[in-house]
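Analysis of the macromolecular model
In case you want the letters, here they are:
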Amino acid sequence: MGIFKAKGVVYKPAEDVDLGPNSDEFYLRANVKAPRMAGFLVKVFVWFLESRIFGGILLYFLKRNNLIHKLVSFADLKESPVFVPLTHYGDLKEEEVKCIDSDLSPVDRVQKAMDCLQCSEDIVVNSKPSFHRWTVSDYSRAYVSGKLTPRMVADRFIAAVRKSSEPVTQMSFFIDYNVEDILRQANESTLRYEKGEPLSPLDGIPIAVKDEIDCMPYPTTGGTKWLHKVRSCPDDACCIKRLRSCGAILVGKTNMHELGAGTSGINPHYGVTRNPYDPNNVSGGSSSGSAAVVSAGLCPIALGVDGGGSVRMPAALCGIVGLKPTFGRVSHSGVLPLNWTVGMVGILAGTVEDAFIAYAAISGQFPSYEPTIAEKKVHFPLLKSPKCLSNIKLAKYGEWFNDSTDDIRACCSDALYKLHKHYGWETMEVTIPEIEVMRLAHYLTIGSECSNSIACYLEKLNMAEIGWDARVALSVYGSFSSREYLNAQKIRNRQMKFHKKIFDKADVIVSPTTGVTAYPIQDDALESGELDYINGAALVRYQIAGNFLGLPAVTVPVGYDKTGLPIGLQFIGRPWSEATLIHMAFAMQALCISDCRKPVVFYDLLSGDEVLY
């Protein structure tokens, strides 16, 4: 394609770029040149894309028209490439925290986290929420009092999952769940409570696991029909072992977008995970099932994997909390290696407190066979009061912040007003350059890493076993060259420099979590999946820095659009600053929890009420 070679952008050195509010840097909106396709159209498109005659030409024009060539492939960059997003900003100073040894056991870490929450329970009670999801503390109190047992909750859980799979609902929460295994775990937990010897406050708590994480006795499919046939699952992932050691009941493998290669959660093999707030709408992806089960009340906590907003995005769409830790904070052992340098195990929970408890359980010292890159010192937030943090500065890039629907813009702006009114937190305007460039560089990076990780399997695979939309993604991923990958890592370096400068002046970067709320599921996508890169770009618009730069981030529900669909606000922090982010999310939650609404589909496992649908 030499004769068609596009001219790339010549970037000035990162040090010369103005990040102030009056910068002349131009905000480039997502330039998506690809129509929505599903059903017969996507099948025809795949035929052309996989054709030896037409494939290369089609891929060339796709990349050129969507500005990948101009902004990444043939760009002239002065920076050297950075392949792993590890950044240390010197001594991290955080307010109202407790220093925890990283080599504590998961049980001890969970207890330390519970000690930090002792003063927070009255805050939730006094807020008088109109709707309240049951928390880890609620379950634990019910078990200790004898009002309920883990076995009773397990029976209700199984009944609710079966009900959710009936034709009238067909929520498609799970890819696999094993009744015998769930009841075995529940019986063991019940016996421990009867003896007065629960392992931890997580003992007997139902926790779901994205089917990208190894969890016995289940195969790990990655949302495919074939991966588990060529990759064995002989043991639990490290994060799962830690939850088991705390007594948690691992209730099954949740649905996900195939190979994590999409944002809708529409899976042609295992069904569409539907949004509990409106089952006619998407739940978001790729951790779709994990977000939906928490939103619908089946579990207070679920695990996901966040490679491109895949935890925070569905959390926001489903009205719950999503926490993505710093790259290297949580062991990746036992997680499908689909995105080595951008992916991280994340947590989806009904409340900030429960996200914190799960974070305490799964973080910590890495296994001896895995390189340790996390900081030795770990801070836990002392959640005494939502007002305990002072002098907080929120960096806001106005044009980026406002690049969303009117409802999201208004809701998130109102959330910032509340933070200033109640806590005195200040918003400072900044410029974050080349955001669309970063999105494309991240797409090139995650696509290259995914393609490389499964290349040996694809050579022997019957392509008919792969969903149509995933086949499009894999074709594009496989077209990226070494030059393009290296340029993407140079862009990573630029963005790391930009963000470090911003964090020299601000505590966090604030933005909406998504550019749109959950959109409708169309019938033609049920069997084939869909290509909807316009909505996809809007969903990932605010996600990329957390993954590409390895930064911690959290989303908190702050309201609803005119149709009643949830809206999330996101805080992005300095590396290793999870304690500050949890503090801030807790403070934001305290201002919004009284307006929390019950989803259309909800299962009450503690009181045993019937599903609302």
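Higher on the page you've got the structure.
Quick caveat: nothing in here was measured; it's all calculated off a predicted structure.

With 114 residues, the main nonpolar core has Phe157, Leu202, Ile213, Leu298, Leu394, Phe571 and Met588 as its most contacted residues. Per-element tally for this core: the top contributor is helix α21 (residues 578-592), with ten residues. Not counting residues up to four positions away in its chain, the partners in contact with leucine 394 are Leu416, Leu419, Trp425, Glu426, Thr427, Met428, Val508, Val510, Phe571 and Met584. Tyr27, Leu49, Leu227 and Ala518 belong to the second-largest nonpolar core, a separate cluster that totals 85 residues.

This part takes up the state of the cysteines. Per the stated rule, a full pass over the model turns up zero disulfides. There is no disulfide at cysteine 450, and the cysteine sulfur nearest it, in cysteine 456, is 12 Å away. By relative accessible area, which is 4% here, cysteine 450 ends up buried.

Attention shifts here to the pattern of salt bridges. A complete count under the given rule lists 32 salt bridges for this structure. A salt bridge links glutamate 527 to lysine 43, with the shortest nitrogen-to-oxygen separation between them at 3.2 Å. A residue pair is termed long-range when its members are at least 10 positions apart, and glutamate 527 in the loop between β16 (508-512) and β17 (530-531) and lysine 43 in helix α1 (residues 39-49) qualify at 484 residues. Judged by its relative accessible area of 27%, lysine 43 falls in the partly exposed class. We note a salt bridge from aspartate 407 to lysine 562, for which the minimum N-O separation is 2.6 Å. Here lysine 562 lies in the loop between β18 (553-560) and β19 (566-573) and aspartate 407 lies in helix α15 (residues 406-423), a separation of 155 residues in the sequence. Of the residues examined, lysine 562 reaches a relative accessible area of 74% and is grouped as exposed. When salt bridges that share partners are traced, they join Arg29, Asp403 and Arg541 into one network.

Here the focus is the layout of surface pockets. Each pocket or cavity is described by its volume, and for the largest pocket that value is around 920 Å³. Ala261, Arg439, Tyr443, Tyr477 and Tyr533 are, among the 49 residues lining the largest pocket, the residues nearest its centre. When residues of the lining of the largest pocket are traced back to their parent elements, those giving at least two are α2 (55-65), α16 (435-458), α17 (468-477), β17 and α19 (533-540). The element best represented in the lining of the largest pocket is α16, accounting for six residues. Residue composition of the lining of the largest pocket, grouped by class: 26 nonpolar, 15 polar and eight charged.

Definitions and cut-offs
- Residues numbered from 1 in each chain as written.
- Predicted model: local features only at pLDDT ≥ 70, side-chain atom pairs only at ≥ 80, totals over all residues.
- Heavy atoms only, no water.
- Core = buried A, V, L, I, M, F, W, Y, C linked by side-chain atoms within 4.5 Å.
- Buried < 20%, exposed > 50% of the residue type's maximum accessible area, 1.4 Å probe, protein only.
- Helix = DSSP H or I, 4+ residues; strand = E, 2+ residues; numbered from the N terminus.
- Contact = heavy atoms within 4.5 Å.
- Disulfide = S-S within 2.5 Å.
- Salt bridge = Lys/Arg side-chain N within 4 Å of Asp/Glu carboxyl O.
- 1 Å grid on protein atoms, 1.4 Å probe; cavity = no way out; pocket = protein on both sides within 12 Å on 5 of 7 lines; lining within 4 Å.
- Points joined across faces, edges and corners; volume = space filled by probe spheres on them.
- Nonpolar A, V, L, I, M, F, W, Y, C, P; charged D, E, K, R; others polar.

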